[in-house]
Amino acid sequence: MLELQRLLDDIEAMSREIIRQRRDLEADIEEGLAALMRLAVVDDALLDKIDRAAGEDPSWRGAFPLGTRLDERHRPQSEAVDATLIGVDGSQIYPDRHGPVLYYLINTGAIVLRQGSGQAPLTQTRPTLFFREEAVYNEDQEVVDNRIVNAARELAEIREMAFQAVAERERLGGDLDRLLIVLADGPLLIWIGEKDSPDHEVQRRIAAYLAELTTIQRVGAVPVGYVDRPRSANVLRMLHVADLDLPAIVTANLRATRYRHLTDRALFERWLGPNERSGLFSSTARLNRVDFRQAGQEIAFFYLNVARTPGVEAARIVRVDVPMWVAAQPDLLDRVQLAIYRDCEGMDYPYVLARAHELAVVGSREREELEQMLTIALMRRGMVPAPSAKALAKRLL
Amino acid sequence: MTAPASPLGRILRSSTTTFTFGSLDNPDLPAFGALVAAEVGPIWVYGLVYEVVIQDDPFVRQVVAAAGELTAERVEDMRQRRQVPVEITALTVAYRQGDRVYQRLPPRPPAALQPVWACDEATTAQVLTEGAFFRTVLNAAHCPSEELLAAALRRAAACRLPEQQQAYLVHAGRELARLLASDLPRLDAILRRLAL
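As the structure is a prediction and not an experimental result, all values here were calculated from the model.

(A) Expanded view of the overall build of chain A. Per the secondary structure count, chain A includes 14 helices and 11 strands. Against the compact-globule benchmark of 21 Å for 397 residues, chain A has a radius of gyration of 24 Å, which places it among compact chains. Along the first, second and third principal axes, the C-alpha atoms of chain A reach 75 × 65 × 45 Å. Within the span of chain A, comprising 397 residues, buried residues form 38% of the whole. Sequence-distant contacts in chain A: of pairs separated by 6 or more residues, those separated by 24 or more amount to 78%.

(B) Structural detail: the overall build of chain B. What chain B contains, in helices and strands, is 7 helices and 7 strands. Secondary structure elements of chain B, listed N to C terminal, follow the sequence β-β-β-β-α-α-β-β-β-α-α-α-α-α. By the compact-globule yardstick of 16 Å for 196 residues, chain B fits well, its C-alpha radius of gyration being 18 Å. When the backbone C-alpha atoms are referred to their principal axes, chain B occupies close to 55 × 40 × 30 Å. The buried share of chain B, taken over its 196 residues, is 32%. By sequence separation, contacts in chain B at least 24 residues apart represent 73% of the contacts at least 6 residues apart.

(C) Fine view of the interface of chain A and chain B. Taken together, the contact between chain A and chain B spans 15 residues of the former and 11 residues of the latter. Listed by contribution, the elements that provide at least two residues to the side of chain A that touches chain B are β4 (104-114) and α12 (351-360) of chain A. If you tally residues by element for the side of chain A that touches chain B, the top one is α12 of chain A, at 3 residues. In terms of residue class, the side of chain A that touches chain B is built from 5 nonpolar, 6 polar and 4 charged.

(D) Seen up close, the nonpolar core. One finds Ile 86, Ile 181, Val 182, Leu 183 and Val 224 of chain A to be the most contacted residues of the largest nonpolar core, which totals 85 residues. Looking at this core, the element that brings in the most residues is α12 of chain A, giving 7 residues. When neighbours within four sequence positions are excluded, Ile 86 of chain A is seen to be in contact with Ala 110, Val 112, Met 161, Gln 164, Ala 165, Glu 168, Ile 181, Val 182, Leu 183 and Val 352 of chain A. The next biggest cluster of nonpolar side chains, apart from the first, holds 43 residues, and it includes Phe 21, Val 36, Val 116 and Leu 149 of chain B.

(E) Focus on α12 of chain A. Counting buried residues in α12 of chain A gives 8 out of 10 residues, a clear majority hidden from the surface. When α12 of chain A is considered as a whole, its buried residues turn out to be Tyr 351, Val 352, Leu 353, Ala 354, Arg 355, Ala 356, Leu 359 and Ala 360 of chain A.

(F) Representation of the packing of helix α5 (residues 145-158) of chain B against helix α7 (residues 184-193) of chain B in the model. Residues and elements named next belong to chain B. Close contact between α5 and α7 brings their axes to 9 Å; oriented N to C, the two are set at 35°. Judged by the twist between their axes, the crossing of α5 over α7 is right-handed. The residues of α7 that touch α5, namely those facing Glu 146, Glu 147, Leu 149 and Ala 150, are Arg 186, Ala 189, Ile 190 and Arg 193.

(G) Focus on the packing of helix α2 (residues 44-56) of chain A against helix α6 (residues 234-242) of chain A. Residues and elements named next belong to chain A. At a closest axis distance of 9 Å, the pairing of α2 and α6 adopts a crossing angle of 110°. Between α2 and α6, the angle is such that the two are roughly perpendicular. Mapping the contact onto sequence places Leu 46, Lys 49, Ile 50 and Ala 53 in α2 and Met 238, Val 241 and Ala 242 in α6. Here the contact of α2 with α6 is built from residues that sort into 6 nonpolar, no polar and 1 charged.

(H) Focus on the environment of Thr 89 of chain B. Residues and elements named next belong to chain B. Tracing the sequence through the fold places Thr 89 in strand β5 (residues 86-97). Here Thr 89 falls in the buried class, since 20 other C-beta atoms lie within 10 Å of it. Counting along the chain gives 88 residues from Thr 89 to Ala 177, while the straight-line C-alpha distance between them is 28 Å. Once residues lying within four places of it in the same chain are set aside, the contact partners of Thr 89 are Thr 18, Thr 20, Tyr 50 and Glu 51.

Rules behind the numbers
Residues numbered from 1 in each chain as written. Chains lettered and ligands numbered in written order. Predicted model: local features only at pLDDT ≥ 70, side-chain atom pairs only at ≥ 80, totals over all residues. Helix = DSSP H or I, 4+ residues; strand = E, 2+ residues; numbered from the N terminus. Rg over C-alpha atoms; globule rule 2.2 N^0.38 Å. Buried ≥ 20, exposed ≤ 12 C-beta atoms within 10 Å, placed from the backbone. Contact = placed C-beta atoms within 7 Å. Nonpolar A, V, L, I, M, F, W, Y, C, P; charged D, E, K, R; others polar. Core = buried A, V, L, I, M, F, W, Y, C linked by C-beta atoms within 7 Å. Axes fitted to C-alpha atoms, helices over the stretch in contact; angles between N-to-C directions. Left-handed = near helix turned anticlockwise from the far one by under 90°. Parallel < 35°, antiparallel > 145°, perpendicular 65-115°, else oblique.

If you want it as structure tokens, here you go:
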């Protein structure tokens, strides 16, 4: 029970603090914008500084510019042509040691929308139940934690992306002229937890992920990671480094960035107009610079304003991840940008991703029904599973 | 009954007097007053469609709000692919056991997920031949009974040979006059809606 009247003073203090932070942020954003223009030229000195920062502190994440200017903004001049958009998303039921049975579930949803066809899109869901001992317990015989499930979901999503890309290209009879874009809801660069599993397991996961990216490339489809409301600050961290002298690039200074509370999104809300993209960058993460690069799948990104109307308030900045082999083809990049922008019409978010999410999501009611089915199946075999006393008590509240 | 290649939908819920089935939004949805059928073991249960409800949800409302930019693909996606079925409810009026049709309530309603089929012309003509189902429709307080009865009779007449249609309607009109002798406004409302 929450006694709201006990929080009245704190609520007042909190609102004052938020307003103060907001004022400070505005000043920081102006400073960041000024730096973007002042340090706009990409030269060897800048690139050396970025490399020094990445070498000095392996956990430092900065943006490595791929163009000649940092303040680049680009709106494709060509008209959008019809493309096929494949949206894929995944959801999960995490293992619950208080539940009636121990399992976890991953469900992927996919939609194939052919722009200009007038046809209903194709849709598909793929649920997978993980229940075997080796799946639900780790090497220490503990129930696997959520990070393992998230990693499995990430892999299931890229597999679905590759599967759908191959299937759609086959349906097109191998016609490579039709632009095929496969969108994931989130970054294309996978997240690697340092302690979530042994190294060989992480390597196996990276290899499996990269194999799927390669399959997508093989069928001439463009994988895209679409990050709505990105919270990354790689460009701002790079701007901070750009302002440091080379000898001053040491871990302590890297962490003392003046843009600590800012995101790149806040910066580009003031810089990009509707359907304008920023310059191209790549992440300095070791995973990207070593594993992904060696596999020919290094990830580049740009920021894009998907809003229809100009102005800071209306701006909807998203981060778009694509492999470097896509980023290296400006015409292809323009077509991808136009197709995504077109699919965002009416929602400021890709329709195919909204639908993929809807297809993938497992609601609490569906979860209850699944657990009822599992319970009945066990009862038929003479076992009566029951949730823990704690879970039962919570249901009463 | 000769079943068409694919069912109209499947039963969502049912009772002795009505059954509701879910279907995707498509041009082949049964019309108001159409006869539909579902199998219950050895019998077929027949019902007259009287309510079609197209559901909405926040996603549909968001898409509609962006109506100026609606593409054909999005419209077809909403209609054909999303798990928001059109709910169709039929009033049970008859059942068939073997070769015989009984215009009365069936022993059991159709079970959940049972397929529901559209009835062909021959079946419609045969099931709605007698007038015993008139009272079932007239007594159904939860549906627009005058409209439904008139629509069903027009459809049943249209399922007959042209030279038999007038006679069928006249016969139906006489039966209605007998049933509604004490409720002339209601009789009048139905007869006015009977014109083919």
